[in-house]
Amino acid sequence: RREMSSAGAELRILFSPGCVQLVQEDMVVLGPRVLVTGATGLLGRAVYREFQNSGWVVIGTGYRRARPCLLRCDLTDEDAVRGLLHEYKPDVIVHCAAERRPDVVERHTEAAVNLNVHATSTLAKEAAVCGALLLYISTDYVFDGRNPPYGEDDSPNPLNVYGRSKLEGERETLRHCPGAVVLRVPVLFGEVESVTESAVTSLWLKVQEGTETCTLDHCQQRFPTDARDVAAVCRKLSEKARQDPSIRGIFHFSGKEQMTKYEMAIAIAQAFSLPSNHLIPLTEQPAASALRPVNSQLNCSRLELLNLSVEPRPFTAAITDCLWPFTPDKRWRQTVFH
Ligand SMILES: NC(=O)c1ccc[n+]([C@@H]2O[C@H](COP(=O)([O-])OP(=O)(O)OC[C@H]3O[C@@H](n4cnc5c(N)ncnc54)[C@H](OP(=O)(O)O)[C@@H]3O)[C@@H](O)[C@H]2O)c1
């Protein structure tokens, strides 16, 4: 909203949830500001909340699920991205928006590359112009999984189109914005709106099938990671990188517990005292889906040495926390976001 001050100067008043910020002739009175792309998604929601709880002014963007207090912006529209950054002049951009489902990327490659690569490239160019710190979220799928654990300097070799598109996004980020930060993370779970939102919480449906026999992958080693922990790392990295320009380039963060999907499902069943006899371990990759790395474990020592990491929540406690709203007698308490 625009208003005139008592001295006759034009004031722009930005509303973000829980915060009102006055800007006079582009001078920030309260700050710092973070723009979170993909703020309607699994990680974006957690990042949004983490920064908001730490006193930042948060501007969140979504697209199809954009809600009243978020901005709707199609990041594949270059003019819209330019306008967004010009209007809000963020100090930091945490770029979470992406098409992250490997099988969807395989089927709709052009749309996915537009978002994962071209939109990232536009955002990086515009971040460089407005002097914002860009934090790009990437994935362990940039590695082929044949020789874990992987350090930040190890050579990527993605096995599927999703991994290639995210690697391209990393390169565009660092090409146009040399001071940017890339944070690679493995499979995520967190506070979901629907259990199908994450590959980990989706296992709840398999566990609940109860009497039907159900096969689950017991070949690919994963390190399920809570989005809330990733969000805390994003905030720590952003705060440090704003003070110290040597904080740039690639970082890894990951949960510490190694599990297959079968083992995650067993852990979920045990946590909720549900039967697990119907869960059958499968040791071959399904032929129909996009190729995935067998074990792309991330070595996270760079973050740890700089004291920018957080202690990952134990899997059983964290997944119980995320799934209990979906137990039949607690449906009324399903979390409402924003
Ligand atoms: N989830 C994982 O297991 C995982 C693992 C490793 C790395 N990552 C990375 O983590 C990041 C966040 O993933 P996530 O799981 O939070 O993804 P997600 O839940 O699928 O959310 C994707 C976000 O992208 C937004 N989006 C889609 N198309 C858009 C467009 N054209 N313009 C603007 N925004 C658009 C969506 O907005 P609407 O829904 O409102 O349309 C949504 O907010 C991604 O970079 C992903 O590659 C995720």
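Residues numbered from 1 in each chain as written. Predicted model: local features only at pLDDT ≥ 70, side-chain atom pairs only at ≥ 80, totals over all residues.

- Under an unreviewed UniProt entry, the name given to the protein chain is Methionine adenosyltransferase 2 subunit beta, and the source organism is Mastacembelus armatus.
- You can read under Subunit (unreviewed entry) in the UniProt record for the protein chain the words "Heterotrimer; composed of a catalytic MAT2A homodimer that binds one regulatory MAT2B chain. Heterohexamer; composed of a central, catalytic MAT2A homotetramer flanked on either side by a regulatory MAT2B chain. NADP binding increases the affinity for MAT2A." (UniProt positions renumbered as here; feature names shortened; annotations may be inferred.)

**Quick look at helix 10 (residues 315-323)**
- Taken as a whole, helix 10 has its buried residues at Phe 315, Ala 318, Ile 319, Cys 322 and Leu 323. Along helix 10, the residues classed as buried sweep out an arc of 125° about the axis, all on the same side.
- Contacts made by the buried residues of helix 10 are with strand 11 (188-189), helix 6 (203-208), strand 13 (225-226) and helix 8 (261-271). (Buried ≥ 20, exposed ≤ 12 C-beta atoms within 10 Å, placed from the backbone. Helix = DSSP H or I, 4+ residues; strand = E, 2+ residues; numbered from the N terminus. Arc of directions from axis to C-beta. Contact = placed C-beta atoms within 7 Å.)

**Considering the pairing of strand 6 (residues 57-62)**
- Counting buried residues in strand 6 gives six out of six residues, a clear majority hidden from the surface.
- Here strand 6 shows a buried face lined by Val 57, Ile 59 and Thr 61 and a second buried face lined by Val 58, Gly 60 and Gly 62.
- Here four bridges tie strand 5 (residues 33-37) to strand 6, and the two strands are oriented parallel to one another. Opposite Leu 35, over in strand 6, you have Ile 59 as the bridge partner.
- On the question of chirality, the crossover connecting strand 5 to the parallel strand 6 by way of helix 1 (residues 42-53) is right-handed.
- The pairing of strand 6 with strand 7 (residues 71-72) spans two bridges and is parallel. Bridging across to strand 7, Gly 62 finds its partner in Arg 72. (Pairing = 2+ DSSP bridges. Right-handed = clockwise from strand over helix to strand, strands pointing away.)

**Overview of the site of the ligand**
- Around the ligand sit 29 residues in total, of which Gly 38, Gly 41, Tyr 63, Arg 65 and Ala 98 are the nearest.
- Elements that contribute at least two residues to the shell around the ligand include exactly helix 1 and strand 9 (133-139).
- Sort the elements by how many residues they give to the shell around the ligand and helix 1 lands first, with three residues.
- Residue composition of the shell around the ligand, by class: 16 nonpolar, eight polar and five charged. (Near = placed C-beta within 6 Å. Nonpolar A, V, L, I, M, F, W, Y, C, P; charged D, E, K, R; others polar.)

**Quick word on unusual backbone geometry**
- The omega angle of the peptide bond from Pro 148 to Pro 149 is -5°, so this bond is cis rather than trans.
- You can see Pro 149 is positioned in the loop between strand 9 and helix 5 (161-176).
- For Asn 307, which is not glycine, the phi torsion reads 60° and is therefore positive.
- Judged by the 8 C-beta atoms lying within 10 Å of it, Asn 307 is exposed.

**Considering the sheet that holds strand 14 (residues 249-252)**
- Spatially, seven strands are ordered 7-6-5-8-9-10-14 in an open sheet, and the strand pairing comes out parallel. Each of the sheet's edge strands pairs with one partner strand only, and the pair in question is strand 7 and strand 14.
- Note that strand 9 and strand 10 (residues 181-185) share five bridges and pair parallel. If you follow Ser 138 over to strand 10, its bridge partner there is Arg 184.
- Strands in contact with helix 5 are strand 9 and strand 10; relative to strand 9, the strand with the most contacts, it is inclined by about 160°. (Axes fitted to C-alpha atoms, helices over the stretch in contact; angles between N-to-C directions.)

**Quick word on the packing of helix 1 against helix 7 (residues 227-243)**
- Where helix 1 contacts helix 7, the axes come no closer than 8 Å and their chain directions differ by 50°. In this view, helix 1 runs oblique relative to helix 7, as classed from their interaxial angle. The hand of the helix 1/helix 7 crossing is right-handed. Counted together, Leu 42, Leu 43, Ala 46, Val 47, Glu 50 and Phe 51 of helix 1 and Ala 227, Arg 228, Val 230, Ala 231, Ala 232, Cys 234 and Arg 235 of helix 7 form the full contact between these two elements.
- For the contact of helix 1 with helix 7, a count of residues per class yields ten nonpolar, no polar and three charged. (Parallel < 35°, antiparallel > 145°, perpendicular 65-115°, else oblique. Left-handed = near helix turned anticlockwise from the far one by under 90°.)

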